[in-house]
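Residues per chain, in single letters:
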Amino acid sequence: MELLPFLRSQVCANRLANHRLHAAMAPLPRDEFHAPRTGFFPSLAETLNHILAVDLYYLAALHGEADMERQWSAFVPCGTVAELARAQARADARFIALLEALSAAQLDEVIALDRGDHVQHERRGHVIAHLLNHQVHHRGQAHAMLAGTAVKPPQLDEFLMPSEAHLRVAEMAALGWTESELFPR
């Protein structure tokens, strides 16, 4: 398998996992969303807002936006699950669109990451891989935090394989996706 099709499938898996997590959390009251919990960040709200803030920063970098550091500094955390779900869905859609538009050669391009006090240079493919890993890492923490609520943690680690289409019918419809889009021949 070539790297670009793999990364494209991973950004879709990322979107599907976020959709499932946010849908499961929809009935969670605001106070439970912000309640102190054990994790790297001390609440579901802080954990999921961290994912979103980092996504916005790296997506700005991947798109070559010069104000990525300003976007990071200006980030305002979402106060509710619904608000966060909408904002994350927009970021995920932007991530998917970016991967759909890339060529394999662009994965080796070096991009600039404005860190405020210096500019870091990394290959685009490495930044994409890092961003996907970052999401999985912290989304897993949020998933574990849900065990301390009335919300049952949803299945997030399902593979996006053609033979598992029956496991994602409802989500595919909700996301407006088709199996042929996920798995072009």
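Now for a look at the structure at hand.

Viewed as axis vectors pointing N to C, helix H3 (residues 44–62) and helix H6 (residues 124–146) meet at an angle of 170 degrees, and their least axial separation amounts to 9 Å. The orientation of H3 with respect to H6, classified from their angle, is roughly antiparallel. Residue composition of the contact of H3 with H6, grouped by class: 13 nonpolar, 7 polar and 3 charged.

Turning our eyes to something else, we now look at the packing of aromatic side chains. Taken as a whole and assessed by the stated rule, the structure comprises 3 aromatic pairs. When the centroid spacing of 5.0 Å and the interplanar angle of 75 degrees are considered together, the rings of Phe40 and Phe41 count as edge-to-face. Here Phe40 falls in the exposed class, since its relative accessible area comes to 61%. Note on Phe41: relative accessible area 18%, which makes it buried. Aromatic side chains Tyr57 and Trp72 sit 6.2 Å apart centroid to centroid with 75 degrees between the ring planes, which places their arrangement in the edge-to-face category. One end of the pair, Tyr57, is in helix H3; the other, Trp72, is in helix H4 (residues 68–73), and 15 residues separate them in sequence. Since its relative accessible area comes to 4%, Tyr57 is described here as buried. What links up through ring pairs into an aromatic cluster is the set Tyr57, Tyr58 and Trp72.

Here we come to the nonpolar core. Nonpolar side chains in soluble globular proteins tend to end up buried together. With 53 residues, the main nonpolar core has Met25, Phe33, Leu62, Phe95, Leu99 and Ile128 as its most contacted residues. Elements supplying a minimum of two residues to this core: helix H1 (3–25), H3, helix H5 (81–101), strand E1 (110–114), H6 and helix H7 (169–175). Examining the composition of this core, we find that 13 residues originate from one element, H3, more than from any other. Sequence-distant contacts of Ile128, defined by excluding residues within four places in its chain, comprise Leu7, Leu62, Phe95, Leu99, Leu102 and Leu107.

The next subject is the pairing of E1. Where burial is concerned, the two faces of E1 differ: the one with Ile111 and Leu113 is buried and the one with Val110, Ala112 and Asp114 is not. Inspection of the sheet shows E1 paired to strand E2 (residues 119–123) by 5 bridges, in the antiparallel sense. The residue of E2 that forms the bridge with Leu113 is Gln120. The turn joining E1 and E2, which pair antiparallel and follow one another in sequence, is formed by 4 residues; a positive phi near 90 degrees is taken by Gly116.

This paragraph deals with the environment of Pro42. Tracing the sequence through the fold places Pro42 in the loop between helix H2 (30–34) and H3. Assessed through its relative accessible area of 39%, Pro42 is described here as partly exposed. Along the chain, Pro42 and Met145 lie 103 residues apart, while their C-alpha atoms are 9.5 Å from each other. Those residues in contact with Pro42 that sit more than four places away from it in its chain are Ala35, Pro36 and Arg37.

With 19 residues, H3 ought to run about 27 Å at 1.5 Å a step, and its terminal C-alpha atoms sit 27 Å apart, in line with that. Taken across its 19 residues, H3 has 17 buried, putting it largely inside the fold. In this structure Ser43 caps H3, since a side-chain oxygen of it lies 3.4 Å from the backbone nitrogen of Ala45. Positive backbone phi, at 75 degrees, marks Gly64, one or two positions downstream of H3.

Right, let's talk about the packing of H5 against H6 for a bit. Where H5 meets H6, the axes come as close as 13 Å, and the angle between the chain directions of the two elements is 150 degrees. Taken together, H5 and H6 sit at an angle that is classed as roughly antiparallel. Along this stretch, H5 crosses H6, giving a crossing that reads as left-handed. For the pair H5 and H6, contact is made by Gln88, Asp92, Phe95 and Leu99 and by Ile128, Leu131, Leu132 and Gln135, respectively. When the residues that make up the contact of H5 with H6 are grouped by side-chain class, the tally is 5 nonpolar, 2 polar and 1 charged.

About the thresholds
Residues numbered from 1 in each chain as written. Predicted model: local features only at pLDDT ≥ 70, side-chain atom pairs only at ≥ 80, totals over all residues. Heavy atoms only, no water. Axes fitted to C-alpha atoms, helices over the stretch in contact; angles between N-to-C directions. Helix = DSSP H or I, 4+ residues; strand = E, 2+ residues; numbered from the N terminus. Parallel < 35°, antiparallel > 145°, perpendicular 65-115°, else oblique. Nonpolar A, V, L, I, M, F, W, Y, C, P; charged D, E, K, R; others polar. Phe/Tyr/Trp six-rings, centres within 6.5 Å; stacked < 30°, edge-to-face > 60°. Buried < 20%, exposed > 50% of the residue type's maximum accessible area, 1.4 Å probe, protein only. Core = buried A, V, L, I, M, F, W, Y, C linked by side-chain atoms within 4.5 Å. Contact = heavy atoms within 4.5 Å. Pairing = 2+ DSSP bridges. Expected span 1.5 Å × (residues − 1). Polar contact = N/O pair within 3.5 Å; in protein donor to acceptor, adjacent residues only side chain to side chain. Left-handed = near helix turned anticlockwise from the far one by under 90°.

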